[in-house]
Amino acid sequence: MDKGISQAVIRRMPRYYRYLGELLEAGVERISSNELSARMHVTASQIRQDLNNFGGFGQQGYGYNVQYLYDEIGHILGLNEMHNMIIIGAGNLGQAIANYVKFEKLGFRVVGLFDINPALEGKEVRGIPVMMLDVLPEFVKDHQVDIAALTLPKENAETTAVMLSTLGVNAIWNFAHVDLDNVDGMIVENVHLSDSLMQLSYSIANKKNK
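On a predicted model such as this, the values are computed, not experimentally measured, just so you know.

## As for the overall build of the protein chain
Assigned secondary structure in the protein chain consists of nine helices and nine strands. The dimensions of the protein chain, computed from C-alpha atoms along their principal axes, are 60 × 50 × 35 Å. By the burial criterion, 39% of the 210 residues in the protein chain qualify as buried. Counted over contacts in the protein chain with a minimum sequence separation of 6, partners at least 24 positions apart contribute 55%. Put simply, the protein chain shows about 12600 Å² of open surface, and 50% of that area lies on carbon and sulfur atoms. Taking the 18 positively charged and 24 negatively charged side chains of the protein chain as two groups, their mean positions are separated by 11 Å.

Written out as structure tokens, the structure reads:
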């Protein structure tokens, strides 16, 4: 993939994938950029520019073949491969992520759950037992682990990230309330659920003040 493609474009790709999936479920076989624009509230020009970064995929006068475009975007996003994921922090959020079956349909398979609370040891979530964090190095040695989701307190996040780096895990999906950056070249996606709520709060307040 071209490293010159902006993060803004990359962040829109999952949204295209989701909308195209809905079109497939509705039996739509082809769609124009204008029709897709009306559904997604993104300009047709923006859609064409985004897709042209990866080859375009459309035909003049025909538009886009929905199945083909859906498959190609899935390939761009790496969804044609299965990614093994562990979750560190088996509290409410960690268990909720493990229970979300759609992740597996997208190619993200939870293979391990870890915590430091002895009261959680052996508890099963979708058939996956919670293990103690001290067995993580041995687990990673014996299993292919592509992604680690961190759903733990922020004070433990950085040390855990460093440990994961030394174990050879490539990517972190970070829900801890701290940004993890530059962890020995690891790929990190920081997710702050509270940021989304605060943006919603702003919109509510702004609407009331109009």
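Having put the structure on the table, let's press on.
## Examining the sheet that holds strand E9 (residues 187-190)
As summarised here, the arrangement of the seven strands in space is E5-E6-E4-E3-E7-E8-E9, forming an open sheet in which the pairing is mixed. With one partner strand each, in any of the chains shown, strand E5 (124-125) and E9 form the two edges of the open sheet. Contacting strand E3 (83-88), strand E4 (108-115), E5 and strand E8 (171-174), helix H5 (residues 92-99) crosses the sheet at an angle of about 160° to E3.

## Examining the nonpolar core
Ranked by size, the top nonpolar core spans 22 residues in total, and within it Met 13, Leu 51 and Ile 73 carry the most contacts. At the level of secondary structure, the elements contributing two or more residues to this core comprise helix H1 (7-25), helix H2 (33-40), helix H3 (44-52) and helix H4 (66-76). Ranked by the residues each element gives to this core, the list is headed by H1, at seven residues. When sequence neighbours within four positions are dropped, the list of residues in contact with Ile 73 reads Met 13, Tyr 16, Tyr 17, Leu 20 and Leu 51. Core analysis: the next-biggest nonpolar cluster, separate from the first, contains 20 residues, Ile 88, Phe 114, Leu 180 and Val 183 among them.

## A look at the side chain of Asp 50
Here Asp 50 lies in helix H3. Judged by its relative accessible area of 1%, Asp 50 falls in the buried class. Side chain to side chain, Asp 50 and Arg 12 meet in a polar contact 2.7 Å long. With near-sequence residues (within four places) excluded, Asp 50 lies in contact with Val 9, Arg 12 and Tyr 16.

## Some words on helix H8 (residues 154-167)
Under the 1.5 Å per step criterion, the end-to-end length of H8 is 20 Å for 14 residues, consistent within 8% with the ideal 20 Å. Among the residues of H8, Ala 157, Thr 160, Ala 161, Leu 164 and Ser 165 are the ones counted as buried. Those residues of H8 that are buried lie in contact with E3, helix H7 (136-142), strand E7 (147-150) and E8. Gly 168, located one to two residues past H8, shows a positive phi value of around 90°.

Basis of the calculations
- Residues numbered from 1 in each chain as written.
- Predicted model: local features only at pLDDT ≥ 70, side-chain atom pairs only at ≥ 80, totals over all residues.
- Heavy atoms only, no water.
- Helix = DSSP H or I, 4+ residues; strand = E, 2+ residues; numbered from the N terminus.
- Buried < 20%, exposed > 50% of the residue type's maximum accessible area, 1.4 Å probe, protein only.
- Contact = heavy atoms within 4.5 Å.
- Areas by Shrake-Rupley, 256 points an atom, 1.4 Å probe, with all protein chains shown as cover.
- Lys, Arg positive; Asp, Glu negative; His and termini not counted.
- Charge placed at Lys NZ, Arg CZ, Asp CG, Glu CD.
- Pairing = 2+ DSSP bridges.
- Axes fitted to C-alpha atoms, helices over the stretch in contact; angles between N-to-C directions.
- Core = buried A, V, L, I, M, F, W, Y, C linked by side-chain atoms within 4.5 Å.
- Polar contact = N/O pair within 3.5 Å; in protein donor to acceptor, adjacent residues only side chain to side chain.
- Expected span 1.5 Å × (residues − 1).

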